[in-house]
Number of protein chains: 2
Amino acid sequence: MDAPNEAWAGPTVGEVGELAVLDRIVRRLPPGSPEVGPGDDCAVVSAPDRRFVVTTDMMVHGPDFRWAWSSPADVGWKAAATNLSDVAAMGAVPTALVIALAAPQDTPVTVLESFADGVRQAVDALAPACGVVGGDLSTSATFTVSVSAFGDLDGHAPVLRSGARPGDVLAVSGELGPAARGLARLFRDGVDADGEPSRAATLASGADTDPDVARQRRPVPPIADGPAAAAAGATAMLDLSDGLAIDAGRLARASGVTLAFDAEAVPEGSALHGGEDHGLLATFPAGTDLPGGFRRIGSVLDRGDHDLLRAGVPVPTSGWDPYADWDGAAG
Amino acid sequence: MDAPNEAWAGPTVGEVGELAVLDRIVRRLPPGSPEVGPGDDCAVVSAPDRRFVVTTDMMVHGPDFRWAWSSPADVGWKAAATNLSDVAAMGAVPTALVIALAAPQDTPVTVLESFADGVRQAVDALAPACGVVGGDLSTSATFTVSVSAFGDLDGHAPVLRSGARPGDVLAVSGELGPAARGLARLFRDGVDADGEPSRAATLASGADTDPDVARQRRPVPPIADGPAAAAAGATAMLDLSDGLAIDAGRLARASGVTLAFDAEAVPEGSALHGGEDHGLLATFPAGTDLPGGFRRIGSVLDRGDHDLLRAGVPVPTSGWDPYADWDGAAG
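Since the structure is predicted, the reported quantities are computational estimates derived from the model, not experimental observations.

1. Observations concerning the overall build of chain A
In terms of regular secondary structure, chain A is built from eleven helices and twelve strands. Whereas a compact globule of 331 residues would reach a radius of gyration of roughly 20 Å, chain A reaches 20 Å, a difference of no more than 12%. By its C-alpha atoms, chain A is 60 × 55 × 30 Å across when sized along the principal axes. Out of the 331 residues in chain A, the part that is buried amounts to 62%. The long-range share in chain A, meaning contacts at least 24 apart out of those at least 6 apart in sequence, stands at 86%. When the accessible area of chain A is evaluated, it comes to approximately 11,100 Å², of which 53% is carbon and sulfur surface. For chain A, the separation between the mean place of its 23 positive charges and that of its 45 negative charges on side chains is 4 Å.

What follows is the structure, encoded as structure tokens:
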């Protein structure tokens, strides 16, 4: 196996043996505080309000990440962060994660250790009360990570995509644009002469230290703003995984409304059409003091001929994306 | 892609497009009765006793199943059944599943439909109140399925591996042996001249209609006996995924006891050493009326020099298997 970066060295999973690998991974993961943790047939997680929210997402080497562009710790961070964001987008507080991972036998053990470090770093930064309560370790020809994340609604109704009402304020929390700009940068500057992802080109071009690339590798979703929005009475909310226009289109269709962006709040460009920032898009009753990092970007109108307007002009919402809609425990 | 059986025909995932694929899969899955089902960032599942149990397991083409030996519906059945069994082994009633699936782009859509049919058949047969509340659909070079399953403890304490006490009765529910015999049959008769799994050899040898092979493909764990054991006061329990001896060794070590099999109740052979039947091994206080399909196979002794005895003779428990221990939301 190539060694795209410094984590790719030393004994492999196949050489070290699964027992030692597992021991080295588990101690690096955030434990959280489950009622029953790893070591039995199941974990037991508390669900104080008699419900739990659940989302699941699989990340596959090739379509979802490339070792030439992301370190193992980046992949661990992103696997945790994107699932935590889906929990937050329901208005829930993340309580636990389970992680299934399959790696080729020739994967260095340090890669799995670094992956676990990235998971821990994301949880520490984004949802420190959360932990990894269980998992599964397998072998595959294709490096694959599958995360399920859980959250508690703390007595609030779940904030669905379908609750926006005409007259509501449309607001967003989190960055818009850097992750998509970072991906575009990698596709432009981080490839070899054949257009293949290349670690060497990423380093030589300076893309490796581009702050936008950092956001592509390690999105920083505003997790705490999800439950804050629920507490403030948000009428609808979703995770911005595919870009503001596409995701706003989903919210508009689910709610049977038209959304209108304020032109000055939503510039043209990657903020409108790029994804993977994992901010939160929400609607609030008019007059709500917007919580946390939420700022107004528009308003909710009666349903018209279009999902989405910007300064009165229709914005394409690029149709329905089944991968993303099935994503996130949506089925 | 080869067509190992009748499900492998017709347009591929890549040809049909993801929207149509998803639509065709979701309608075939058992819906269950979540508070919020597919279509949002998360599903919402009720947790009546303020806790939930969770397990996760990944099945990878190659190490975990072969299309030459299992149909897509078999794989769907097994993915559901093995996770349901882990839930039952805590004494919990299965409430929901989420399923992430990644398939090569050249996979016929009928393969995914058949997979979904197998999931539904398993849920209908084993845990009809359960449903698939969410999922994720991805592309991968390696067909991969990751399931997380959830359950409700209905006010009972979770039945751990660690609670067996000297004087308890050791009991088992479910079949012992057929799944391992079926796998051995496939490795013997279902391979080509190079030892590679072969659909043609499986058919020509008659292995395809061997009832033991059917149990390898579609285990039938006694799901209802898990909560029944908890209600009857089981002191320890676990899912028999790796064979009676290995799994009994785990229970013995976790509980700090020695287990003694009655010789007449546990014959030598695949019943003792073969896995994947997904029965339940449990301990009960002496005098307990054993519930459901549980029958006595031995007793719990003070910890001695060995994990496991049969007719007084030590039985090897084959050491600790980290894959299986990390499995099942154990971490």
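2. Considering the interface of chain B and chain A
Accessible area lost on assembly of the parts is the figure often given for the size of an interface. Counting residues at the interface gives 71 residues for chain B, matched by 71 residues for chain A. When chain B packs against chain A, close to 6,000 Å² is buried across both sides, 62% of that on carbon and sulfur atoms. Summed over the shared surface of chain B and chain A, the result is four salt bridges. Residue Asp 41 of chain A is joined to Arg 161 of chain B by a salt bridge in which the shortest nitrogen-to-oxygen separation is 3.3 Å. For the pair chain B and chain A, the number of links is 21 residue pairs in polar contact (both at pLDDT 80 or more). Of the residues that constitute the side of chain B that touches chain A, the class distribution is 43 nonpolar, 16 polar and twelve charged. Bridge analysis of strand E1 (residues 43-46) of chain A against strand E2 (residues 51-60) of chain B gives four bridges, and the strand direction is antiparallel. Bridging across to E2 of chain B, Val 45 of chain A finds its partner in Phe 52 of chain B.

3. Brief notes about the UniProt feature "binding site: Mg(2+) 4" (unreviewed entry) in chain A
All names here are of chain A. Taking the UniProt record as the reference, the feature "binding site: Mg(2+) 4" (unreviewed entry) is found at Asp 41, Thr 55 and Asp 86. These annotated residues cover 46 residues of sequence, and their C-alpha atoms reach 26.1 Å apart at the extremes, leaving them scattered rather than at a single site. Among the structural elements, Thr 55 can be located in strand E2 (residues 51-60). Thr 55 gets classed as buried once you look at its relative accessible area, which sits at 0%. In this structure, Asp 86 sits in helix H3 (residues 72-88). The class of Asp 86 is buried, set by a relative accessible area of 7%.

4. Quick notes on the relation of the copies chain B and chain A
Superposition record for chain B on chain A: RMSD 0.0 Å, screw rotation 180 degrees, translation along axis 0.0 Å. What we have between these two chains is a two-fold relation. Among all residues of chain B, the one whose C-alpha sits closest to the rotation axis is Arg 50 of chain B, at a distance of 2.3 Å. A share of 100% of the interface residues of chain B reappears at the interface of chain A, consistent with the copies meeting face to face through the same patch.

5. Overview of the pattern of salt bridges
Here the structure, examined in full by the defined rule, presents 52 salt bridges over all chains. Arg 165 of chain A serves as the salt-bridge partner of Asp 168 of chain A, at 3.8 Å between the closest nitrogen and oxygen. Accessibility expressed as a relative area gives 4% for Asp 168 of chain A, which makes it buried. A salt bridge links Glu 276 of chain B to Lys 78 of chain B, with the shortest nitrogen-to-oxygen separation between them at 3.2 Å.

6. A word on the sheet that holds strand E12 (residues 313-314) of chain B
Residues and elements named next belong to chain B. The strand order across the open sheet built from seven strands is E7-E9-E6-E10-E8-E11-E12, with neighbouring strands paired in mixed fashion. Every other strand in the sheet has two partners, leaving strand E7 (236-240) and E12 as the edge strands with one partner each. Of the strand pairs in this sheet, E7 and strand E9 (residues 279-284) are connected by five bridges, and their pairing is antiparallel. Across the sheet, Leu 240 pairs through a bridge with Gly 279, a residue of E9.

7. Topic: the packing of aromatic side chains
For the structure shown, the criterion picks out 16 aromatic pairs over all chains. Through a chain of ring-to-ring contacts, three or more aromatic side chains come together here, namely Phe 52 and Phe 150 of chain A together with Phe 52 and Phe 150 of chain B.

8. Observations concerning the sheet that holds strand E5 (residues 144-152) of chain B
Here five strands make up an open sheet; going across it, the order is E1(A)-E2(B)-E5(B)-E3(B)-E4(B) and the pairing mixed. Sheet topology places E1 of chain A together with strand E4 (132-139) of chain B at the edges, where each strand pairs with a single neighbour. Each strand axis lies, on average, 20 degrees off the axis of its neighbour in the sheet, ignoring direction. Bridging between E2 of chain B and E5 of chain B involves eight bridges; their strand directions are antiparallel.

9. What about the UniProt feature "binding site: Mg(2+) 1" (unreviewed entry) in chain A?
Residue and element names in this part refer to chain A. Look at the UniProt record and you will see "binding site: Mg(2+) 1" (unreviewed entry) annotated at Thr 56, Asp 57 and Asp 136. For Thr 56, the location among the structural elements is in strand E2. Judged by relative accessible area, Thr 56 falls into the buried class, the value being 1%. A distance of 3.2 Å separates a polar atom in the side chain of Thr 56 from the backbone oxygen of Val 147. Topologically, Asp 136 is positioned in strand E4 (residues 132-139). Accessibility expressed as a relative area gives 2% for Asp 136, which makes it buried.

10. Looking at the domain arrangement of chain A
Residue and element names in this part refer to chain A. Each domain of chain A was delimited in the assignment, giving domain 1 (13-152), domain 2 (169-175 + 220-326) and domain 3 (181-217). Computed over C-alpha atoms, the centres of domain 1 and domain 3 are 26 Å apart. With six residues of domain 1 at the contact, the number on the domain 3 side is twelve residues. Around 800 Å² of area is buried between domain 1 and domain 3 when both sides are counted, 56% of it from carbon and sulfur atoms.

11. Overview of the confidence of the model for chain A
Of the residues in chain A, 94% reach a pLDDT of 70 or more, and the chain-wide mean stands at 91. This stretch, residues 319-331 of chain A, has a pLDDT under 50; its non-local contacts, to residues over four places away or in other chains, come to 62 contacts.

12. Brief notes about unusual backbone geometry
Residues and elements named next belong to chain A. The phi dihedral of Ala 311 is positive, around 50 degrees, even though this residue is not glycine. Within the fold, Ala 311 resides in the loop between strand E11 (308-310) and strand E12 (313-314). Using a relative accessible area of 52% as the deciding quantity, one classes Ala 311 as exposed.

13. Topic: the packing of helix H2 (residues 18-26) of chain B against helix H4 (residues 109-126) of chain B
Residue and element names in this part refer to chain B. Relative to each other, H2 and H4 sit at 25 degrees, their axes nearing to 9 Å. On the basis of their axis angle, the class for H2 and H4 is roughly parallel. The crossing of H2 and H4 is right-handed. Each of Val 21, Arg 24 and Ile 25 in H2 lies in contact with H4, whose residues at this interface are Val 109, Leu 112, Glu 113 and Ala 116. Residues belonging to the contact of H2 with H4 are distributed by class as follows: five nonpolar, no polar and two charged.

Conventions we followed
Residues numbered from 1 in each chain as written. Chains lettered and ligands numbered in written order. Predicted model: local features only at pLDDT ≥ 70, side-chain atom pairs only at ≥ 80, totals over all residues. Heavy atoms only, no water. Helix = DSSP H or I, 4+ residues; strand = E, 2+ residues; numbered from the N terminus. Rg over C-alpha atoms; globule rule 2.2 N^0.38 Å. Buried < 20%, exposed > 50% of the residue type's maximum accessible area, 1.4 Å probe, protein only. Contact = heavy atoms within 4.5 Å. Areas by Shrake-Rupley, 256 points an atom, 1.4 Å probe, with all protein chains shown as cover. Lys, Arg positive; Asp, Glu negative; His and termini not counted. Charge placed at Lys NZ, Arg CZ, Asp CG, Glu CD. Buried area = accessible area lost by both parts, 1.4 Å probe. Salt bridge = Lys/Arg side-chain N within 4 Å of Asp/Glu carboxyl O. Polar contact = N/O pair within 3.5 Å; in protein donor to acceptor, adjacent residues only side chain to side chain. Nonpolar A, V, L, I, M, F, W, Y, C, P; charged D, E, K, R; others polar. Pairing = 2+ DSSP bridges. UniProt positions renumbered as here; feature names shortened; annotations may be inferred. Least-squares fit on C-alpha atoms with pLDDT ≥ 70 in both. Phe/Tyr/Trp six-rings, centres within 6.5 Å; stacked < 30°, edge-to-face > 60°. Axes fitted to C-alpha atoms, helices over the stretch in contact; angles between N-to-C directions. Domains from an automatic or database assignment. pLDDT = per-residue confidence, 0-100. Parallel < 35°, antiparallel > 145°, perpendicular 65-115°, else oblique. Left-handed = near helix turned anticlockwise from the far one by under 90°.

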